Amino acid sequence: MTRGHLARIGLLTVALLLTACTLGTNEAKQGVDEFRARVAQRSFSEIYQASAPEFRQASTEAQFVSLMSALDGKLGPWQSGATAGWNVMRGVGGHSVRLRYDSRFAKGTAVEEFNWRIEHGRPVLLGYHVQSPLLASE
């Protein structure tokens, strides 16, 4: 094989790996947008009902609605966010995407982590975690 041929194979391999690593991030970001729209409408039950069975097994709907109401009260409305990191996983358990955001809310900042499973091109919520100094205050 010539050097040019090996270089083309190398570039193609890198391109395929980058594409494979980012597949699902657009869907997951769409899921975050939908999540934020539902939170803005205080449609917490809709978020719960649309989530994955594993998510719903972790808490009852009433517990989730109570938690989201408390978060909304402590943080206020979401204002902006920047992607702080992402991870795409493919395996026997399916295709999942984790997105981390450095987010600004009306009352302060937080780090949010969304875990999504991509099913038939749609994001399904597996987990949502928030860290903020505001959550430790009374």
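Scroll up for the structure.
Residues numbered from 1 in each chain as written. Predicted model: local features only at pLDDT ≥ 70, side-chain atom pairs only at ≥ 80, totals over all residues. Heavy atoms only, no water.

K.L.:
Could you give me a rundown of the overall build of the protein chain, with the residues and numbers involved?
P.N.:
On a plain count of helices and strands, the protein chain comes out with five helices and four strands. Put simply, the protein chain has 138 residues, and 32% of those count as buried. Taking the contacts inside the protein chain whose residues are at least 6 apart along the sequence as the reference set, 50% of them involve residues at least 24 apart. Carbon and sulfur atoms make up 57% of the accessible area of the protein chain, which amounts to about 8500 Å² in all. (Helix = DSSP H or I, 4+ residues; strand = E, 2+ residues; numbered from the N terminus. Buried < 20%, exposed > 50% of the residue type's maximum accessible area, 1.4 Å probe, protein only. Contact = heavy atoms within 4.5 Å. Areas by Shrake-Rupley, 256 points an atom, 1.4 Å probe, with all protein chains shown as cover.)

K.L.:
Tell me about the sheet that holds strand S3 (residues 108-119), residues and numbers included.
P.N.:
Spatial strand order, S1-S2-S3-S4: four strands in an open sheet with antiparallel pairing. The strands lining the two open edges of the sheet, one partner per strand, are strand S1 (78-91) and strand S4 (122-131). Direction aside, the axes of adjacent strands within the sheet are offset by 20° on average. Relative to strand S2 (residues 94-105), S1 runs antiparallel, the two being bridged by 12 bridges. Of the residues in S2, the one forming a bridge with methionine 89 is serine 96. (Pairing = 2+ DSSP bridges. Axes fitted to C-alpha atoms, helices over the stretch in contact; angles between N-to-C directions.)

K.L.:
Go over the packing of aromatic side chains, please, and point to the residues and values.
P.N.:
If you walk through the whole model with that rule in mind, you get eight aromatic pairs. Ring centres of tyrosine 48 and phenylalanine 64 lie 5.9 Å apart, and the angle between their planes is 35°; this geometry places the pair in the tilted category. Here tyrosine 48 is found in helix H3 (residues 44-50), whereas its partner phenylalanine 64 is found in helix H5 (residues 61-75), with 16 residues between them in sequence. The pair formed by tyrosine 48 and phenylalanine 64 is uniform in burial state, with each residue classed as buried. Residues phenylalanine 55 and phenylalanine 64 carry aromatic rings whose centres are separated by 5.4 Å and whose planes lie at 80° to one another, so their mutual orientation is edge-to-face. Residue phenylalanine 64 is classed as buried on the basis of its relative accessible area, which comes to 4%. An aromatic cluster of at least three residues, connected via ring pairs, comprises Phe35, Tyr101, Phe114, Trp116 and Tyr128. Residue placement shows arginine 36 over the ring face of tyrosine 101; its charged tip is 5.3 Å from the ring centre. (Phe/Tyr/Trp six-rings, centres within 6.5 Å; stacked < 30°, edge-to-face > 60°. Lys NZ or Arg CZ within 6 Å of the ring centre and 35° of its normal.)

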